[in-house]
Amino acid sequence: MVAPRTRDAGLAAVLAIAFATWLGAPLAIIASLICILVTLLLMPLFRAYAMARPNARSSHDTPVPQGGGVAVVVATLCAVLIDGFIGVPGSGSPLPVLAFAVILIGGIGALDDIRDLPALPRLLGQFVAVGLVVWAGLDAAQLFRLPFALEWVLLVVAGVWFVNLTNFMDGIDGITLAGFLPLAGATVVLGDMAYLSREGNLLAVFYLGALAGFVFFNFPKAQLFLGDVGSLAIGLIGGALLLDLAQHGAMAAAIILPLYHFTDATLTLLRRILRREKVWEAHKEHAYQNAVRSGWSHGKVSGIVLGLNIGLAVLAVQSVGRSPVVQTGLVLLSLACVMAVILVFRRRKPA
């Protein structure tokens, strides 16, 4: 007899891969299968060298292997190989630079998964990786019309925060997938509508497929965590796609898609700053973690976040090609929905 947890994970994975295939077939299903295969091959190593053991700041109560984000990264970066075959010679594709940056930031995360790295080297490596992505993929004058150097600095700082908030928000089973699967799906749709570069569209399809493939191992009950190697790299790739959207006329969509993760992480950071806490230390004070501490299961909380993000993805797609007034209204509506969910999570009394 199939165990209920395995059955539920299998059903979730089938639905996720079917969704990815519907949007991005056949390349998305190739990425899903690569992610699953690489995960299965590396699982003994994760169990031997990268166990996440419960502590006072954990949301799990049994040891769980981590580092599964390696498989997501490998599957996503297959887009670089495909781009090499179908790309236009001399076109200056940004994907090789992105691949190097993802490997760099993923390597930093992997080292941190195995042994805790000091904050300064981690942060410096993140700035280098994000700086490379912005340099390779940005015509800065196309966004805010600021001097290139100033805009580059602002976007790098914003990118480092986005990478870190993705890592900070990866605190319960399935929540990163709940945030980034809808984001990836929306970018594929928007890419088909010509709101992404050719390279961005290809990357989005592999990103979607790779995330869908990892569902089996991480939702509704995690058998394997992404680890810092996964969450940092997923944040970097997601940020690169959002930057691509913004440059191709989908600024409102780029704001809407990550709005839950951005808002929960940023408000939590501000709360901790106001309380004069050490913001670089691990904690479990995000709104979604409060809901878990109140007694809600990981699956329920991540399911709510998934539903919210599917709604945000629909609003993001609806925002393109609209008047500035309509786009602003959709951003405000999205923020209102996000705040409603955060308030529900915050009002739960911890057990």
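This text follows the structure it describes.
Residues numbered from 1 in each chain as written. Predicted model: local features only at pLDDT ≥ 70, side-chain atom pairs only at ≥ 80, totals over all residues. Heavy atoms only, no water.

J.: Honestly, the overall build of the chain in this entry has me stumped. Any pointers?
T.: Each helix and strand in the chain was counted, giving 14 helices and two strands. The buried share of the chain, taken over its 351 residues, is 53%. Across the chain, contacts joining residues at least 24 apart in sequence account for 76% of those joining residues at least 6 apart. Accessible surface for the chain amounts to roughly 15,800 Å². Of this, 70% is attributable to carbon and sulfur atoms. (Helix = DSSP H or I, 4+ residues; strand = E, 2+ residues; numbered from the N terminus. Buried < 20%, exposed > 50% of the residue type's maximum accessible area, 1.4 Å probe, protein only. Contact = heavy atoms within 4.5 Å. Areas by Shrake-Rupley, 256 points an atom, 1.4 Å probe, with all protein chains shown as cover.)

J.: It is not clear to me how empty space enclosed by the protein should be interpreted in this structure. Could you clarify?
T.: Any empty space left between the atoms is revealed when a probe the size of a water molecule rolls over them. This model, assessed by the stated rule, comprises one cavity of 30 Å³ or more. By volume, the largest cavity is sized at about 40 Å³. Top element by residues in the lining of the largest cavity is helix H7 (residues 175-192). It accounts for three residues. Residues of the lining of the largest cavity, tallied by class, amount to five nonpolar, three polar and no charged. (1 Å grid on protein atoms, 1.4 Å probe; cavity = no way out; pocket = protein on both sides within 12 Å on 5 of 7 lines; lining within 4 Å. Points joined across faces, edges and corners; volume = space filled by probe spheres on them. Nonpolar A, V, L, I, M, F, W, Y, C, P; charged D, E, K, R; others polar.)

J.: Explain the packing of helix H2 (residues 27-49) against helix H8 (residues 198-218) to me, please; I cannot follow it from the model alone.
T.: Two measures define how a pair of helices packs: the angle their axes make with one another and the distance between the axes. Look at H2 against H8: their axes get within 7 Å of each other, and the N-to-C directions meet at 45°. One element, H2, and the other, H8, form an angle in the oblique class. For H2 against H8, the interelement crossing comes out right-handed. Counting all contacts with H2, which are made through Leu 27, Ala 28, Ala 31, Ser 32, Cys 35, Ile 36, Thr 39, Leu 40 and Met 43, the residues of H8 involved are Leu 202, Val 205, Phe 206, Gly 209, Ala 210, Ala 212, Gly 213, Phe 214 and Phe 217. When its residues are assigned to classes, the contact of H2 with H8 shows 14 nonpolar, four polar and no charged. (Axes fitted to C-alpha atoms, helices over the stretch in contact; angles between N-to-C directions. Parallel < 35°, antiparallel > 145°, perpendicular 65-115°, else oblique. Left-handed = near helix turned anticlockwise from the far one by under 90°.)

J.: Explain the nonpolar core here, please?
T.: Here is a general trend for soluble globular proteins: nonpolar side chains tend to be buried in one another's company. Residues Tyr 207, Leu 211, Leu 236, Leu 245, Tyr 260 and Phe 345 are the most contacted members of the largest nonpolar core, which totals 101 residues. No other element matches H8, which puts 13 residues into this core. Look past the residues within four positions of Tyr 260 in its chain and what remains in contact with it is Met 169, Tyr 288, Val 305, Leu 308, Asn 309, Leu 312, Val 338, Val 341, Ile 342 and Phe 345. (Core = buried A, V, L, I, M, F, W, Y, C linked by side-chain atoms within 4.5 Å.)

J.: Looking at this structure, I do not really get a nonpolar patch on the surface. What am I missing?
T.: A grouping of Leu 123, Phe 127, Val 153 and Val 157 is seen on the molecular surface, where their side chains present a nonpolar patch of about 310 Å² in accessible area. For the nonpolar patch, the secondary-structure elements that each account for two or more residues are helix H5 (119-137) and helix H6 (148-168). Take Val 153: it is sitting in helix H6. Overall, the relative accessible area of 41% leaves Val 153 in the partly exposed class. (Patch = residues over 30% accessible without salt bridge, like charges linked within 9 Å, V, L, I, M, F, W, Y side chains within 5 Å. Salt bridge = Lys/Arg side-chain N within 4 Å of Asp/Glu carboxyl O.)

J.: Just checking my understanding: could you explain the environment of Leu 33 for this structure?
T.: Mapped onto the secondary structure, Leu 33 falls in helix H2. For Leu 33 and Ala 75, which are 42 residues apart along the polypeptide, the C-alpha to C-alpha distance reads 8.4 Å.

J.: Can you walk me through the packing of H5 against helix H9 (residues 227-247) in this structure?
T.: Packing of H5 against H9 leaves a shortest axis separation of 11 Å and a crossing angle of 25°. With respect to H9, the element H5 is oriented roughly parallel. Of the two elements, H5 crosses H9, and the hand of that crossing is right-handed. Facing Gln 126, Ala 129, Val 130, Val 133, Val 134 and Gly 137 of H5, the residues of H9 in contact are Leu 232, Leu 236, Ala 240, Leu 243 and Gln 247.

J.: How do you make sense of H8 when you look at a structure like this?
T.: A rise of 1.5 Å per residue sets the reference length of H8, with its 21 residues, at 30 Å; its end C-alpha atoms lie 30 Å apart and thus fit the reference within 8%. With 19 of 21 residues buried, H8 lies mostly within the body of the structure. (Expected span 1.5 Å × (residues − 1).)

J.: When you look at the side chain of Asp 173 in this model, what are you seeing that I'm missing?
T.: Summarising the element assignment, Asp 173 is placed in the loop between H6 and H7. Beyond its immediate chain neighbours, meaning those up to four positions away, Asp 173 contacts Asn 218, Phe 219, Pro 220, Lys 221, Ala 222, Phe 225, His 298 and Ser 302.

J.: What's the story with the environment of Leu 181 in this structure? I'm lost.
T.: One can find Leu 181 in helix H7. Exposure remark for Leu 181: the relative accessible area of 10% places this residue in the buried category. The spacing of Leu 181 and Ala 313 is 132 residues in sequence and 9.8 Å in space, taken between C-alpha atoms.

J.: Is there a simple way to explain the layout of surface pockets in this structure?
T.: Empty space within the second largest pocket amounts to approximately 600 Å³. Looking at the second largest pocket, it is lined by 24 residues, and the ones nearest its centre are Leu 155, Ala 158, Phe 162, Gly 239 and Leu 242. For the lining of the second largest pocket, the elements supplying multiple residues, two or more each, are H5, H6, H9, helix H10 (251-256) and helix H11 (259-274). Top contributing element to the lining of the second largest pocket by residue count: H9, with seven residues. Residues belonging to the lining of the second largest pocket are distributed by class as follows: 21 nonpolar, three polar and no charged.

J.: Is there a simple way to explain the pattern of salt bridges in this structure?
T.: Side chains that carry opposite charge are capable of pairing whenever their charged atoms lie near each other. In this structure the tally under the stated criterion is five salt bridges. With a shortest N-O distance of 2.8 Å, Arg 272 and Glu 277 are connected by a salt bridge. Take Arg 272: its relative accessible area is 4%, and that puts it in the buried class. Accessibility expressed as a relative area gives 27% for Glu 277, which makes it partly exposed. The residue Arg 275 makes a salt bridge to Glu 277 at a minimum N-O spacing of 2.8 Å. Several salt bridges converge on common partners, so that one network encompasses Arg 272, Arg 275, Glu 277 and Glu 285.

J.: Is there a simple way to think about the side chain of Asn 167 in this case?
T.: Tracing the chain through its elements places Asn 167 in helix H6. Of the residues examined, Asn 167 reaches a relative accessible area of 18% and is grouped as buried. In this structure the side chain of Asn 167 is engaged in a polar contact, spanning 2.9 Å, whose partner is the side chain of Ser 231. The contacts of Asn 167, once residues within four sequence positions are left out, are Asp 228, Ser 231 and Leu 232. (Polar contact = N/O pair within 3.5 Å; in protein donor to acceptor, adjacent residues only side chain to side chain.)

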